[in-house]
Amino acid sequence: ENYQETFTKLHDCKKSSHPSGDHVVTWVNEIGHQAFAKGVTPMPAGAVFVKTQYSDSACSLLERYTAIEKGAAGSSPDSGDWKWFILDSGGGVRTCCDGGDSQATDSCIGCHSPCAGNDFVCTTPLAKP
């Protein structure tokens, strides 16, 4: 609910590489940010990324949110232990998926598989300090 107050914004509005061609802003919680900033993979359990997705290039017309949460090691090995959530613009869960789930294969993991070397996180890593 208050992710913008407690999460770190990783980038301003930019065109997404997602097939929908939307524009996005990505946020990460403190657990994820600590690992992400250092280029640590796999991410620790409890890391959460929130991607706000917009239908316009100014990122003013919110369409939906996509969030990923890292589970405990071995909790969902097909998906690198990530669980994906797609939420409508009001925050209601539309879909969630993780390993072994056909929706995940077709949508979430399917798109994120090219980023497996970065623990399925497709956001460009920050420069290492």
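Residues numbered from 1 in each chain as written. Predicted model: local features only at pLDDT ≥ 70, side-chain atom pairs only at ≥ 80, totals over all residues. Heavy atoms only, no water.

(A) The arrangement of unusual backbone geometry in detail. For the bond from T41 to P42, the omega torsion is -5°, close enough to zero to count as cis. One can find P42 in the loop between α2 (30–38) and β4 (48–54). Non-glycine residue F120 carries a positive phi angle of around 70°. (Helix = DSSP H or I, 4+ residues; strand = E, 2+ residues; numbered from the N terminus.)

(B) The pattern of salt bridges, seen in detail. Within the structure shown, the criterion is met by 3 salt bridges. One salt bridge in this structure joins K9 and D12, with 2.8 Å as the shortest N-O distance. Judged by its relative accessible area of 41%, K9 falls in the partly exposed class. Overall, D12 belongs to the exposed group, its relative accessible area being 52%. Here K70 and D119 are joined by a salt bridge, their closest N and O atoms 2.9 Å apart. Within this pair, whereas K70 is found in strand β5 (residues 62–70), its partner D119 is found in the segment after α3 (102–112), the two being separated by 49 residues in sequence. (Salt bridge = Lys/Arg side-chain N within 4 Å of Asp/Glu carboxyl O. Buried < 20%, exposed > 50% of the residue type's maximum accessible area, 1.4 Å probe, protein only.)

(C) Structural context of the nonpolar core. One finds F36, M43, F49, I68, W82, W84 and V121 to be the most contacted residues of the largest nonpolar core, which totals 14 residues. Going through the elements one at a time, α2, β6 (82–88) and α3 are the ones with two or more residues in this core. In contact with M43, other than residues within four places in its own chain, are G32, A35, F36, F49, K70, W82 and D119. Grouped together as the second largest cluster of nonpolar side chains are 11 residues, Y3, C59, Y65 and L87 included. (Core = buried A, V, L, I, M, F, W, Y, C linked by side-chain atoms within 4.5 Å. Contact = heavy atoms within 4.5 Å.)

(D) Inspection of the state of the cysteines at higher detail. One pass over the full model with this rule turns up 2 disulfides. Disulfide partner of C13: C59, at an S-S distance of 2.0 Å. Disulfide C13-C59: torsion about the S-S bond near 75°, hence right-handed. With C13 in the loop between β1 (8–9) and β2 (14–15) and C59 in the loop between β4 and β5, the pair connects residues that are 46 residues apart, well separated along the chain. By relative accessible area, which is 14% here, C59 ends up buried. The disulfide partner of C115 is C122, and the S-S distance across this bridge is 2.1 Å. Judged by the sign of its S-S torsion, about 110°, the cystine formed by C115 and C122 is right-handed. (Disulfide = S-S within 2.5 Å.)

(E) Just the packing of aromatic side chains, in detail. Per the counting criterion, the structure on display carries 5 aromatic pairs. Between F36 and F49 the ring centres are 5.6 Å apart and the planes differ by 75°, which places this aromatic pair in the edge-to-face class. A residue pair is termed long-range when its members are at least 10 positions apart, and F36 in helix α2 and F49 in strand β4 qualify at 13 residues. The same class applies to F36 and to F49, which are both buried. (Phe/Tyr/Trp six-rings, centres within 6.5 Å; stacked < 30°, edge-to-face > 60°.)

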